[in-house]
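Understanding the architecture of this molecule
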Amino acid sequence: MPKPFLPLDHARLAPDASVARAREFYAQMDRRRTTRHFSTDAVPRELIELAIRTAGTAPSGAHQQPWTFVAVADPVLKAAMRDAAEAEERAFYAGRATPEWLEALAPLGTDEHKPHLTDAPWVVVLFRQSFGYFPDGEKRTHFYTQESCGIAAGFFIAAVHAMGLVTLTHTPSPMGFLGELLQRPANEKAMLVMPVGYPAVDASVPDIARKPLADFAVWK
Ligand code: IYR
């Protein structure tokens, strides 16, 4: 039996109010920067919960919501994640990465040291549920999980920024160690590691600019 539909809860804005809100939101998002330098200052769990709730409002393929956010505050676990990530990254920077890849990363100043994994008070790991289960335990195919989790990650990042915190989309590679350390089931694949916290007092960012609109928007 299909579920009944409900009326959409929507308040139409006057056109000038739309423009004002759009400008404000854009200006706020345009101030977001990725920094690798985190303060060790504590962040209340409620804020992380709100960011995860916000991520969970993302649209998803067949509304399957194929994501699991694991929020890690335990210093022992964070240290274990850092050790494992740095071991993989050492192999990456010392040979696994192609020269082209290393050249592309050079302006960002990344290397095998991942202090943010222990400095940030929270490390949130996004797992993609590549498939799910029906209530009777039968395997359930999930659709468009990469796209769905990518959108959810975007909402998470926007929520973190809106609350005055910073995050970093860290992609240790390969990520298999995360499922093991965090004891996730086989249907969950680690996708993104996002330390969350305040920036360090002396946090810096690379001197890079965003593309002009004309380079990424096409009008027909
Ligand atoms: N996973 C490595 C390398 C890396 C790759 C990309 I693409 C980046 O945008 C940044 C880093 C690391 O985390 O250092």
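Shown above is the structure to which this text applies.
Predicted model only: the values in this text are computed from it and were never measured. One numbering rule holds for all chains: residues counted from 1, following each sequence as written. Only residues with pLDDT of at least 70 get local features here, since the model is predicted, and only at 80 or more are side-chain atom pairs given and counted; chain-wide, interface and lining totals rely on the full set of residues. Based on all heavy atoms of the structure, the side-chain values leave hydrogens and waters out of the count.

**Description of the sheet that holds strand E5 (residues 166-167)**
Put simply, the rule is: Here the rule is simple: two strands pair whenever DSSP picks up at least two bridges between them. Comment: elements are numbered from the N terminus, with helices defined as DSSP H or I runs of at least four residues and strands as E runs of at least two. Residue contacts follow a heavy-atom distance rule, with two residues in contact if any of their heavy atoms lie within 4.5 Å. Orientation is described by axes fitted as lines to C-alpha atoms, over the contacting stretch for helices, and by angles from 0 to 180 degrees between their N-to-C directions.
Taken in spatial order, the 4 strands make up an open sheet running E1-E2-E6-E5, and their pairing is antiparallel. Because the sheet does not close on itself, it has two edges, and the strands there are strand E1 (67-72) and E5. Contacts between helix H2 (residues 45-55) and the sheet are confined to E1, strand E2 (122-129) and strand E6 (188-197), with E1 contributing the most and set at about 165° to the helix.

**Considerations on unusual backbone geometry**
The test is simple: Relative accessibility decides the category of a residue: with a 1.4 Å probe and only protein chains considered, values under 20% of the type maximum give buried, values over 50% give exposed, and everything between is partly exposed.
The residue after serine 173, namely proline 174, is reached through a cis peptide bond having omega -5°. Residue placement: proline 174 occurs in the loop between E5 and helix H7 (176-181). A positive phi is found at alanine 62, a non-glycine position, where the angle reads about 50°. Among the structural elements, alanine 62 can be located in the loop between H2 and E1. Alanine 62 gets classed as exposed once you look at its relative accessible area, which sits at 59%. Positioned with a positive phi, tyrosine 144 is a non-glycine residue whose angle comes to about 50°. Here tyrosine 144 shows up in the loop between strand E4 (139-141) and helix H6 (145-162). Accessibility expressed as a relative area gives 60% for tyrosine 144, which makes it exposed.

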